[in-house]
Amino acid sequence: MTNSSTSDKEFKNIPKHIAVIMDGNGRWAQAQGKTRVSGHKAGVESVRAVVKGARKLGVEALTLFAFSSENWQRPEKEVTVLMDLFMYVLTKEVKRLHKNNIRFQVIGDLSRFSDKLQKSIQKSEQLTEKNTGLTLSIAANYGGRWDITNAAKQLVKQVESKQISLNDINETSLNQYVCLANLPSLDLLIRTGGDFRISNFLLWQAAYAELYFSETLWPDFNEEAFEKAINVFEQRERRYGKTGEQVKK
Ligand code: IPE
Ligand code: IPE
Ligand code: MG
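Just so it is clear, the structure is predicted and the values come from calculations on it, not from any experiment.

A. Structural view of helix 7 (residues 223–235). With 13 residues, helix 7 should cover 18 Å at 1.5 Å per step; its first-to-last C-alpha distance of 19 Å lies within 8% of that length. Considered for burial, the residues of helix 7 that qualify are E223, A225, F226, E227, A229, I230, N231, F233 and E234. Where helix 7 begins, the side chain of N222 points an oxygen toward the backbone nitrogen of E224, at a separation of 3.2 Å.

B. Here's a closer look at the pairing of strand 8 (residues 210–213). With burial as the criterion, only one face of strand 8 is covered, namely that bearing E210 and Y212; the residues L211 and F213 on the opposite face remain uncovered. Summarising the sheet, strand 7 (residues 188–191) and strand 8 pair through four bridges and their orientation is parallel. Paired with I190 across the strands is Y212, a residue of strand 8.

C. Broad picture of the nonpolar core. Core analysis: the largest hydrophobic core is formed by 42 residues, its most contacted members being I18, L62, L136, I190 and F226. Beyond its immediate stretch of four places on either side in the chain, L62 contacts H17, I18, V20, V50, V51, A54, L134, T135, L136, S137 and F226. Core analysis: the second largest hydrophobic core is formed by 16 residues, A61, F65, C179 and L189 among them.

D. Highlighting the site of ligand 2. As a matter of local geometry, ligand 2 sits amid I21, M22, D23, F65, A66, F67, N71, R74, R191, R197 and S199. The contact in question runs from an oxygen atom of ligand 2 to an N or O atom on the side chain of R191, over 3.4 Å. The separation between an oxygen atom of ligand 2 and a polar side-chain atom of S199 is 2.6 Å. Expressed as a share of its isolated accessible area of 390 Å², the protein-covered part of ligand 2 is 78%. Top contributing element to the shell around ligand 2 by residue count: strand 4 (residues 61–68), with three residues.

Conventions we followed
Residues numbered from 1 in each chain as written. Chains lettered and ligands numbered in written order. Predicted model: local features only at pLDDT ≥ 70, side-chain atom pairs only at ≥ 80, totals over all residues. Heavy atoms only, no water. Helix = DSSP H or I, 4+ residues; strand = E, 2+ residues; numbered from the N terminus. Expected span 1.5 Å × (residues − 1). Buried < 20%, exposed > 50% of the residue type's maximum accessible area, 1.4 Å probe, protein only. Polar contact = N/O pair within 3.5 Å; in protein donor to acceptor, adjacent residues only side chain to side chain. Pairing = 2+ DSSP bridges. Core = buried A, V, L, I, M, F, W, Y, C linked by side-chain atoms within 4.5 Å. Contact = heavy atoms within 4.5 Å. Near = heavy atom within 4 Å. Areas by Shrake-Rupley, 256 points an atom, 1.4 Å probe, with all protein chains shown as cover.

Treat this as a map of the structure, not an account of what it does.
The following block contains the structure:
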C-alpha cells in the first residue's frame, strides 16, 4: 500500500489503477460561447493535472478515455480537430512524459488512424517503454465491446492452430488478451461531465472497479478534484461478493 500525503490531505489507500472518462468538453465550451473545439483544447490542461496528481500520489496506472469507437459519428470537422490535437499533443508532450519516467501507450483499434498518427504513437510507445514510473494509457478509437471481441478472436486463433483447446478458454485466458492485462486491475473509474454511464469504456476491466461520477466538466477538473475522487474511493468498502463482516476481518 502506498502512503503519501500532500499539504492538506491524507491518503491511506491509493488506488493502483484509475481510469477516467473525460467528458464535458463541448458543454464547457458552449457555456462560454466558444466552439466545442476550444473545449477539447482546454481539456488538455486537465490531462496534465491528473497525470501530475497520479504521479504525486504514486498511482501505478492511469487510463484516459480520449476518443471512443462511437465518436467517429461526430461532425467530420470535430473529428479532424480531435485527430490534429492528438497528433499535436503526442509530439509536444511525450518528451516531457519520458523525462518524468512515464510509460505511455495507446489502447484501441489504431488501424483506423492515419499512417502518420500510427507512426507517431508507435514512436512514443517505443521511446517510453522501459520507463518504470506511472503507466499512462490513452484509449483512442477504443470500445469495450471491441476489446472483448478482439480478445475472443485471439483465443479462437489459438484454438484453430491447436495451440490450446476449447476447454482452455476461461476468464483467466481471455483476460490475458484484453487491453491493460499487464497492469493492476482497475480500482477506480471516474466520469466527469454529469452523466451516469460507461459509454462502452472498459466493460471487462471495470467488473469490480469503484465508480465515481462528477458533475464537473472535464476542462474544470483539476488536481484537487482528482484527489477528492481518491478520498471518496478510500472510504468505500470493496466486498467482492463477500459480506461486510468477512472483509473487515
Ligand atoms: C469529451 O467531451 C471528449 C470526447 C468525447 C472526445 P465531449 O466532447 O463529449 O463533451 P460534451 O459531452 O459534448 O460536453
Ligand atoms: C465518452 O464520452 C467518450 C469519451 C470521453 C472519449 P461521450 O461524450 O462520447 O459519451 P456519450 O455519447 O455521452 O455516451
Ligand atoms: Mg460527451
